[in-house]
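Next come the chains, spelled out residue by residue.
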Amino acid sequence: MRDESINYVNWFRHSSPYINAHRGKTFVLMIGGEAIADDNFDNIVHDITLMTSLGIRLVLVHGARPQIEERLTNQQLETRLHHDLRVTDTDALQCVIEAIGVLRSTVEAKLSMGLVNTPMHGAEIRVCSGNFITARPIGIYEGVDLCHTGEVRRIDHQGIRGQLNQGNIVLLSNLGYSPTGEIFNLSVEEVATQTAIALKADKLILFGAEKGIIDSRGILRSELLARTAERFLQQYYHLQSDDPETAYTELSKLLQMATEVCAGGVPRCHLISYKDDGALLAELYTRDGAGTMIIQESYEQVRAANIEDVGGIIELIKPLEDSGILVRRSRELLETEVEQFFVVERDGAIIGCAALYLFPDEKMGELACVAIAKAYQGGDRAEMLLQAIEEKARELQLEYLFVLTTRTAHWFIEHGFAEMQLAKLPGKKQALYNYQRNSKVFSKVL
């Protein structure tokens, strides 16, 4: 078998847990007009088709901002925005309706393709659109009449579910309708957010230009807790407080949506790039994903280790032992000490560990062997392990936690540790101190 065939088989096997986990679930996808205009959109459509064939119930919410702008320009009409909301007068509303009508037809046509030798062959997807969104006018906002710009009043979640139960993809736009027959231009972000919450969707997937959230070191954050995302967002708004209009970037709006849907009961929200071919499948069917997943609670588990975890711990700490960051431990030693360890488990893999060694006579405990897999560094996993260790130490009525380190002194200082003298260590620990390593000693009052 050729290498590429072996790689495909391995990928397919590893994706099977996700295929089973996602089958029958309801996902809401927000696809802006920028994504539809991108050259990669055809590939996104093919991936949507594949997801449907794998049993996922899909609601697609599309926007049309660049297409609306183009029509306004062609009609020589002024674009007016107020707090990132379009002032939709009668002429502008006509451009909105026309742009959305064309895009809706474009999306439906692409989802209807079925030529032989294409990814869409045999798909036979049915797409349903309709008046599922009841809206009302925003009215006058801080002295400005927004005219036909509206906000969501109600989502017909029962009607949408009825279509999903029949195996249809539901396609929603950013138009809403009033009981009096009026049409309103809505924010596509609000439509997607409120639809996901009303449906109690399992996921909201947001397509943006960026891959996701990049931290200060330039590293893509594969996962964020909702409370961390909220903190990032508030810090960003604070930095932009002198000119609030500059705060309305695409990424800030997507992050705002993610925090809102998590607060509204949607378990997970994903930020991925519409420019990256295969990002949707990689995010949903691989362990590490392709973007940033924002979740209300971490689906990773911090737990006490057991004998079955020894192999995973060895694999995790070996690179750190080889580089001299951690002291070498034999398998036999780990097997006898495994009950002192806590691990972070993700989809059956050990991606983090830490140990607590007890010195009960001195009411002290040693935090040791803290390790996070390289691919998962930059998140809150080390903090989660530290919290578990501290809780266990308090449960055992220890008063101090200490740690010996050669490389990560700043991290421990940032988490409440202070440097202490070697002479204050428990006698047994002093006797084992390796002067060649010259580790610094830090302690924390519990």
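Look up: the structure comes first, before these words.
So, here's what we can say about the structure.

1. Digging into the overall build of the chain
Inference 1: In terms of regular secondary structure, the chain is built from 15 helices and 23 strands.
Inference 2: Principal axes of the C-alpha set define a box for the chain whose edges measure 85 × 60 × 35 Å.
Inference 3: Within the chain, the proportion of its 446 residues that are buried is 44%.
Inference 4: Sequence-distant contacts in the chain: of pairs separated by 6 or more residues, those separated by 24 or more amount to 72%.
Inference 5: Accessible area for the chain stands at about 22500 Å²; split by element, carbon and sulfur atoms hold 49% of it.
Inference 6: For the chain, the distance from the average position of its 45 positive side-chain charges to the average position of its 61 negative side-chain charges is 5 Å.

2. A word on the sheet that holds strand 23 (residues 440–445)
Inference 1: The seven strands are arranged 17-18-19-20-21-23-22 in an open sheet whose pairing can be described as mixed. Each edge of the sheet is formed by a strand with only one pairing partner; in this case those strands are strand 17 (301–304) and strand 22 (418–419).
Inference 2: Bridging between strand 20 (residues 364–372) and strand 21 (residues 400–405) involves three bridges; their strand directions are parallel. Across the sheet, G365 pairs through a bridge with L401, a residue of strand 21.
Inference 3: The strands touched by helix 11 (residues 310–322) are strand 18 (341–346), strand 19 (349–359) and strand 20; relative to strand 19, the strand with the most contacts, the crossing angle is about 85°.
Inference 4: Lying over the sheet, helix 13 (residues 381–395) contacts strand 17, strand 18, strand 19, strand 20, strand 21 and strand 23, oriented at roughly 30° with respect to strand 19.

3. Side note on the nonpolar core
Inference 1: Grouped together as the largest cluster of nonpolar side chains are 47 residues, with contacts concentrated most on I313, I317, F341, C353, L367, L401 and F417.
Inference 2: Counting residues per element, the ones that place at least two in this core are helix 11, strand 18, strand 19, strand 20, helix 13, strand 21, helix 14 (409–414) and strand 23.
Inference 3: The dominant element in this core, judged by the number of residues it contributes, is strand 19, at nine residues.
Inference 4: Sequence-distant contacts of I317, defined by excluding residues within four places in its chain, comprise L326, L334, C353, C369 and A371.

4. Topic: the pattern of salt bridges
Any two side chains of opposite charge can pair, on the condition that their charged atoms come close.
Inference 1: What the rule picks out here adds up to 19 salt bridges.
Inference 2: Here D89 ties to R80 by a salt bridge, and the two come within 3.8 Å at their closest N and O atoms.
Inference 3: A residue is classified by how much of its surface remains accessible, and D89, at 28% relative accessible area, is partly exposed.
Inference 4: Among the ionic contacts, a cluster of salt bridges with common partners joins R303, D309 and E345.

5. A short note on the packing of aromatic side chains
Pairs of aromatic rings are described using the distance from one ring centre to the other and the angle between the two planes.
Inference 1: All chains considered together, the criterion is met by four aromatic pairs.
Inference 2: With a centroid separation of 5.4 Å and an interplanar angle of 80°, the aromatic rings of F412 and F417 are classed as edge-to-face.
Inference 3: By relative accessible area, which is 4% here, F412 ends up buried.
Inference 4: Connected via pairs of aromatic rings, a cluster forms that spans W411, F412 and F417.

6. Remarks on empty space enclosed by the protein
Inference 1: For the coordinates displayed, the defined rule picks out two cavities of 30 Å³ or more.
Inference 2: Empty space within the second largest cavity amounts to approximately 30 Å³.
Inference 3: Lining the second largest cavity, in full, are R104, G130, I133, L172, S173, L175 and Y177.
Inference 4: When its residues are assigned to classes, the lining of the second largest cavity shows four nonpolar, two polar and one charged.

7. Quick notes on unusual backbone geometry
Inference 1: Positive phi is not limited to glycine here, since Q397 has a value of about 60°.
Inference 2: Although it is not a glycine, N438 adopts a positive phi angle of roughly 55°.
Inference 3: Its place among the elements puts N438 in the loop between helix 15 (427–431) and strand 23.
Inference 4: Taking the relative accessible area as the measure of exposure, N438 reaches 57% and is therefore exposed.

8. Details of the packing of helix 6 (residues 157–165) against helix 7 (residues 188–199)
Inference 1: Two numbers describe how helix 6 lies on helix 7: the axes approach to 10 Å, and their chain directions differ by 75°. Put simply, helix 6 runs roughly perpendicular to helix 7. Between helix 6, through H157, I160 and R161, and helix 7, the contact on the second element is made entirely by T195, A198 and L199.
Inference 2: Class assignment of the residues belonging to the contact of helix 6 with helix 7 gives a composition of three nonpolar, two polar and one charged.

9. Here we look at the environment of A393
Inference 1: Here A393 lies in helix 13.
Inference 2: The exposure class assigned to A393 is buried, which follows from its relative accessible area of 0%.

Here is what the cut-offs are and how they apply
Residues numbered from 1 in each chain as written. Predicted model: local features only at pLDDT ≥ 70, side-chain atom pairs only at ≥ 80, totals over all residues. Heavy atoms only, no water. Helix = DSSP H or I, 4+ residues; strand = E, 2+ residues; numbered from the N terminus. Buried < 20%, exposed > 50% of the residue type's maximum accessible area, 1.4 Å probe, protein only. Contact = heavy atoms within 4.5 Å. Areas by Shrake-Rupley, 256 points an atom, 1.4 Å probe, with all protein chains shown as cover. Lys, Arg positive; Asp, Glu negative; His and termini not counted. Charge placed at Lys NZ, Arg CZ, Asp CG, Glu CD. Pairing = 2+ DSSP bridges. Axes fitted to C-alpha atoms, helices over the stretch in contact; angles between N-to-C directions. Core = buried A, V, L, I, M, F, W, Y, C linked by side-chain atoms within 4.5 Å. Salt bridge = Lys/Arg side-chain N within 4 Å of Asp/Glu carboxyl O. Phe/Tyr/Trp six-rings, centres within 6.5 Å; stacked < 30°, edge-to-face > 60°. 1 Å grid on protein atoms, 1.4 Å probe; cavity = no way out; pocket = protein on both sides within 12 Å on 5 of 7 lines; lining within 4 Å. Points joined across faces, edges and corners; volume = space filled by probe spheres on them. Nonpolar A, V, L, I, M, F, W, Y, C, P; charged D, E, K, R; others polar. Parallel < 35°, antiparallel > 145°, perpendicular 65-115°, else oblique.

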